[in-house]
Amino acid sequence: MADISIIISKVFLLNLCIFLHSARAKQLKAVPNYADMYGGRIVDLSGPCFATVKSAYCQFKNPHDGVVLANQKAVGDISRTNVRCMVPRLLVRDRVILSVSTDNKTTYPYSTNFTIVFPRRIPPSVKPVGEWLFHNATVLSLKWNYTLLTNDQNSLVDIRLIGFKESDGKAIYKHLIILGKDVPASIGEYEFEISNYQCSGQDCFEYEVGLVEVKLQDKFTPTKNKFLSTNRVPLGWFVRNVMKAKYGSDWPSDLCMKWHKSASRDMKWFDEILKCPCSLAQAIADFGRWHPDIGCNLQMAANRNNCKYHHAAVHCVRSVQPVNGAGNQCCYSAKGYLVFAADTYFGSTADRSHDWGAAPYGKPGHVPILSHWVDDIIPLFICCQWTDFKSCDYYVDLRGTTDCTEYNPPVPAFVFGLGHIATFRGRKIRIMAAGDYILLKAGTTEVQARFENNLTPPESKPTWTSDYTSLQVVRVIKNAFTLTSVAIENDGVSDRVELRLHKDDTDNIEVLLNGEIKLFKEKSLKWQDFKGVAVINTTLAGKNCNFTVLLTNNIGFQVATVAGTMQLDLMMPTDVIKVTSGLFGNIDGGKTLPNGESIVYDAYKPEEVYNFEKAWKVKSNNFFKDNKTFSTEPIFNPKAKSLFVRYCEFNRFNFYNACGFDYTRTGSTVIAKATEEAGYRQKSLVYNLKPIRSCGLLDVPRSKKSSYEYTIGTTTTVTECRSGSLSGNTTYTCVYTSSVTQAWSPDVTAKCELEMEMEIENSSYSSNTGMIVGTVVTVLVVGAIIII
């Protein structure tokens, strides 16, 4: 009977609405609360009691500048408790404001936050079957699940081709052609011959990329979606006949040359983007600035489509932050070396438009994924894929690999176990009193941390006997504190984010944005972008125990739960931010007080260490939602001083003492082992982030080589040319030229000389991208992400 009551209560509540003159009466509840950027999703809005009207309007607006992105009529009938909105096809991602008007667009009193998800984070609802990526395809087909559109098996759909272009300062979608009319939705598939659907007119020269849409006809009632879409597809098959008529059978090569001539006029962006890490180990460890590429990464190694466009690599990373809309993609071989596009057409490539888009979205060069396809992927097709790679060197000329010789690794700092802190440059301290502390101040960025008594009950309570010769069990364990919450804010730039141990489940983490809990359980919402900060649930096991936080100034940190405690890894870039303070210290390893005064303390004198820690307690502008008062002060027992030194202050490369301290305070072998493993992982990360010497690319365009390992001491021979004849010296060794520089020896004279007429034809397209001075990195691969 109780179960029936619960069901009745839920049904009753679903039919309630709020009819009050209050802020709550205007707050909408959206189900679902997110949708794909390509649109079509039906969203049910409830909460307020809507006015009795025949129609309503749904508005999607940018929360930052107030620009209206779309304004359209609601779907179906309007009830007192529910309005249905269709998400339109958009040019933006991240948060938008979804509002409803019931007075014919005069006012929009009802609103909620809504998330537009980056397309590659949601599986496409229409699956293209066949050679959609090829310009010479003859037959193409589609498959879809009709129940995503309607429950009516007699319903009909139209198959429409939607083009995308960037022109005259605008990014534009356009319906190009109907590929299928009155198709039964329940069939779930459609096939068509290319020859019957060819473009005509100016559209053939303006639209190179598009989507295929399966749209439910208006006379039928949609359930979850009004229309379904493929991912983006190149339109070579659609424009083929017109291009042949204008340029001849080798039209992709002609378009490639035309693109090269136009794109080469503006290559300033190439010098501005973030330089590639020199090794796979660095690329993984530098998680604040680089993130695994969705299409090529080690976690997807078993997928047959993994690294489809980067055959020579096992893992690629993308720069997190765009620079004037541009981004970078760096790929690494199984040996851990950077794969250069000049050495293989399947290596690292720079992107004129970042794959993820760039704020403000919606304008040319900034539209998520679509701008990247217009500026970077379509040129790849016309120069490489559709020419059997004979014109691919022209693509590599302008989308080549950024040399790693200017790469500067970040500096790490860590928190782990029972309050153990490894500061910048490796000094170690331990938190000796509960409280809220400032871990880091860097410009306008501040990271605060809360340390409390360990939340995990001890398995036993061992401590040393009075003569310090053996362990015994006592009832009271003091001076043992663990990280329970961390909060970060870039003042005036970002939202405030707090990550805290779940009070009822210390294996999980709660995320708060400006004090409001945010959920990351949905697969499509594992990555969420907020103002000036991104939060990513990197947990592989479907929980909420591992998060990465990325700021737009390239500071990044990872937080994970391990054995009921929180661990934190922070990566501090040194390129722009030169001055830091807080418990993590100065980026050069020194220590300062909040007033800027330098301080030197004796690490073997707990009182001195605590005075430094106490100075960095949060005194105002506390970032944590729950304010707490801490009265705990450390107890310094002179007789136990040697014990404190032995178990709290450990040398740089020995973490057994931290492990021992945690065991004596908790009796937990699990916690002690986690502390020990954290120490070894930190040691590996520090090692991986050390520079090694590299001469960079052995720059002989259009050549093949015996080796692609360009580090000090390696010898590489130019074996042949992909095109042209080889001349000059062919063997080179990367050697020291000073204590900080290196170069290829002898000077590079090798060339792949083309025939005279080819030389003259291509002279205006040549480029010089050689760099020889390098910095250093390691090739040992140890993951930075905390594995649970």
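What counts and how
Residues numbered from 1 in each chain as written. Predicted model: local features only at pLDDT ≥ 70, side-chain atom pairs only at ≥ 80, totals over all residues. Heavy atoms only, no water. 1 Å grid on protein atoms, 1.4 Å probe; cavity = no way out; pocket = protein on both sides within 12 Å on 5 of 7 lines; lining within 4 Å. Points joined across faces, edges and corners; volume = space filled by probe spheres on them. Helix = DSSP H or I, 4+ residues; strand = E, 2+ residues; numbered from the N terminus. Nonpolar A, V, L, I, M, F, W, Y, C, P; charged D, E, K, R; others polar. Contact = heavy atoms within 4.5 Å. Disulfide = S-S within 2.5 Å. Salt bridge = Lys/Arg side-chain N within 4 Å of Asp/Glu carboxyl O. Buried < 20%, exposed > 50% of the residue type's maximum accessible area, 1.4 Å probe, protein only. Expected span 1.5 Å × (residues − 1). pLDDT = per-residue confidence, 0-100. Pairing = 2+ DSSP bridges. Axes fitted to C-alpha atoms, helices over the stretch in contact; angles between N-to-C directions. Lys, Arg positive; Asp, Glu negative; His and termini not counted. Polar contact = N/O pair within 3.5 Å; in protein donor to acceptor, adjacent residues only side chain to side chain. Parallel < 35°, antiparallel > 145°, perpendicular 65-115°, else oblique. Left-handed = near helix turned anticlockwise from the far one by under 90°. Phe/Tyr/Trp six-rings, centres within 6.5 Å; stacked < 30°, edge-to-face > 60°. Lys NZ or Arg CZ within 6 Å of the ring centre and 35° of its normal. Patch = residues over 30% accessible without salt bridge, like charges linked within 9 Å, V, L, I, M, F, W, Y side chains within 5 Å. Areas by Shrake-Rupley, 256 points an atom, 1.4 Å probe, with all protein chains shown as cover. Charge placed at Lys NZ, Arg CZ, Asp CG, Glu CD.

*Asks:* Which residues make up empty space enclosed by the protein, and what values do they have?
*Replies:* On inspection of all chains with the given rule, the structure shows 2 cavities of 30 Å³ or more. Computed from the structure, the second largest cavity encloses a volume of approximately 50 Å³. Surrounding the second largest cavity, Arg93, Asp94, Thr115, Ile116, Val117, Phe118, Arg121, Ser524, Leu525, Trp527, Gln528 and Asp529 form its lining. Among the elements of the structure, β8 (110-117) and β32 (527-530) are those that each provide at least two residues to the lining of the second largest cavity. A breakdown of the residues in the lining of the second largest cavity according to their chemical character gives 5 nonpolar, 3 polar and 4 charged.

*Asks:* I'd like a description of the side chain of His366, backed by residues and values.
*Replies:* Along the chain, the position of His366 falls in the loop between β20 (349-351) and α7 (370-383). Apart from the residues lying within four places of it in its own chain, the contact partners of His366 are Gly325, Gly357, Ala358, Ala359, Pro360, Tyr361 and Ser371.

*Asks:* Explain the state of the cysteines residue by residue, including any values.
*Replies:* A full pass over the atoms with the stated rule returns 10 disulfides. Each sulfur in the disulfide pair Cys276 and Cys330 lies 2.0 Å from the other. With the S-S dihedral at roughly -85 degrees, the linkage between Cys276 and Cys330 falls on the left-handed side. Residue Cys276 is found in the loop between α5 (268-272) and α6 (280-285), and its partner Cys330 is found in strand β19 (residues 327-332); the two are separated by 54 residues along the sequence.

*Asks:* Give me the lowdown on the pattern of salt bridges, citing residues and values where you can.
*Replies:* Should their charged atoms come close, side chains of opposite charge can pair. Scanning the model with the defined rule gives 30 salt bridges in all. Where Arg120 meets Asp355, a salt bridge forms, and the shortest distance between an N and an O atom there is 2.8 Å. Highlighted residues: Arg120 in the loop between β8 and β9 (126-130) and Asp355 in the loop between β20 and α7, separated in sequence by 235 residues. Asp355 sits in the buried class, given a relative accessible area of 2%. Glu446 is the partner of Lys441 in a salt bridge, and the nearest nitrogen-oxygen pair spans 2.9 Å. Overlapping salt bridges, with partners in common, bring together Arg120, Asp293, Arg318, Asp351 and Asp355 in one network.

*Asks:* Run through helix α4 (residues 251-263), naming residues and quoting values.
*Replies:* The end-to-end C-alpha separation of α4 is 18 Å, in line with the 18 Å expected for 13 residues at 1.5 Å each. Turning to α4, its buried residues number three or more, namely Trp251, Pro252, Ser253, Leu255, Cys256, Met257, Trp259, His260 and Ala263.

*Asks:* Break down the confidence of the model for the protein chain for me, with residues and values.
*Replies:* Within the protein chain, residue pLDDT values average 86, and 86% of them lie at 70 or more. A low-confidence stretch, residues 461-477 stays under pLDDT 50, and its non-local contacts, those more than four residues away or across chains, total 34 contacts.

*Asks:* So, the sheet that holds strand β4 (residues 57-61): which residues are in play, and what are the values?
*Replies:* In spatial order, the strands read β2-β8-β7-β4-β5; together these 5 strands make up an open sheet with mixed pairing. In the strand order of this sheet, the two ends are held by β2 (34-36) and β5 (68-73), each with one partner. On average, each strand axis in the sheet is tilted by 30 degrees relative to the strand beside it, whichever way the strands run.

*Asks:* Residue-level account of the side chain of Asp403, with values.
*Replies:* Mapped onto the secondary structure, Asp403 falls in the loop between α8 (392-398) and β21 (411-416). One buried charged side chain, Asp403, makes no salt bridge at all; its nearest oppositely charged neighbour is Lys275, positioned 9.5 Å away. A polar contact is formed between the side chain of Asp403 and the backbone nitrogen of Leu697, at a distance of 3.2 Å.

*Asks:* Pulling in residues and values, what's your account of the packing of helix α3 (residues 236-247) against α4?
*Replies:* Two elements in contact, α3 and α4, have axes separated by 9 Å at closest approach and are oriented at 85 degrees. Classed by the angle they form, the pair α3 and α4 counts as roughly perpendicular. Where α3 approaches α4, its residues Gly236, Val239, Arg240, Met243, Lys244 and Tyr247 are matched on the opposing element by Trp251, Asp254, Leu255 and Lys258. Looking at the contact of α3 with α4, its residues break down into 5 nonpolar, 1 polar and 4 charged.

*Asks:* Can you explain α3? Please cite residues and give values.
*Replies:* Here α3 contains 12 residues, and its C-alpha end-to-end distance of 14 Å is more than 12% below the 16 Å for a straight helix at 1.5 Å per residue. For α3, the set of buried residues is Gly236, Trp237, Phe238, Val239, Arg240 and Met243. Positioned one or two residues after α3, Gly248 has a phi angle of 95 degrees, which is positive.

*Asks:* Residue-level account of the sheet that holds strand β40 (residues 731-736), with values.
*Replies:* Pairing is antiparallel across the open sheet formed by 4 strands, whose spatial order is β37-β38-β40-β41. Of all strands in the sheet, those with a lone pairing partner are β37 (703-705) and β41 (742-745), marking the two edges. Taken over all neighbouring pairs, the strand axes of this sheet differ in orientation by 30 degrees on average, direction set aside. The pairing of β37 with strand β38 (residues 715-721) spans 3 bridges and is antiparallel. Its bridge partner lying in β38, Ser703 is registered against Cys721.

*Asks:* Hey, could you go over the packing of α4 against α7 for me, with residue numbers and the actual values?
*Replies:* Contact geometry of α4 with α7 gives a least axis separation of 8 Å together with a crossing angle of 140 degrees. Taken together, α4 and α7 sit at an angle that is classed as oblique. As α4 packs across α7, the resulting crossing turns out to be left-handed. Here α4 contributes Pro252, Ser253, Leu255, Cys256 and Trp259 to the contact with α7, which in turn contributes Asp375, Pro379, Ile382 and Cys383.

*Asks:* Could you give an account of the pairing of β21, with specific residues and numbers?
*Replies:* The element β21 is largely enclosed, with a buried count of 6 among its 6 residues. Going residue by residue along β21, you find Val411, Ala413 and Val415 tucked away on one face and Pro412, Phe414 and Phe416 tucked away on the opposite face as well. Pairing analysis gives 5 bridges linking β21 to strand β36 (residues 565-572), with the strands arranged antiparallel. Its bridge partner lying in β36, Pro412 is registered against Met571. Two elements, β21 and strand β22 (residues 420-422), share 3 bridges in a ladder whose sense is antiparallel. Pairing of Phe416 across the sheet is with His420, part of β22. Turn length for the β21-β22 hairpin, with the two strands adjacent in sequence and antiparallel, is 3 residues, and the turn residue Gly417 shows positive phi of about 55 degrees.

*Asks:* Explain the packing of aromatic side chains to me, using residue names and the numbers behind them.
*Replies:* Enumeration over the complete set of coordinates arrives at 24 aromatic pairs. What links up through ring pairs into an aromatic cluster is the set Trp132, Tyr190, Phe192, Tyr197, Trp237 and Phe238. For the cation-ring pair, Arg121 lies above Trp527, with the distance from its terminal atom to the ring centre recorded as 4.3 Å. Over the ring of Tyr394 we find Arg702, and its NZ or CZ is 5.6 Å from the ring centre.

*Asks:* Please set out a negative patch on the surface residue by residue, giving values where relevant.
*Replies:* Together, Asp266, Asp271, Glu272 and Glu406 make up a negatively charged patch on the protein surface. Topologically, Asp266 is positioned in the loop between α4 and α5. Looking at Asp266, the relative accessible area reads 40%, which means it is partly exposed.

*Asks:* Now, about a positive patch on the surface: what can you tell me, with residues and values included?
*Replies:* On the surface, Lys127, Lys143, Arg304 and Lys308 cluster together into a positively charged patch. Along the chain, the position of Lys308 falls in the loop between β17 (290-292) and β18 (315-319). Judged by its relative accessible area of 41%, Lys308 is partly exposed.

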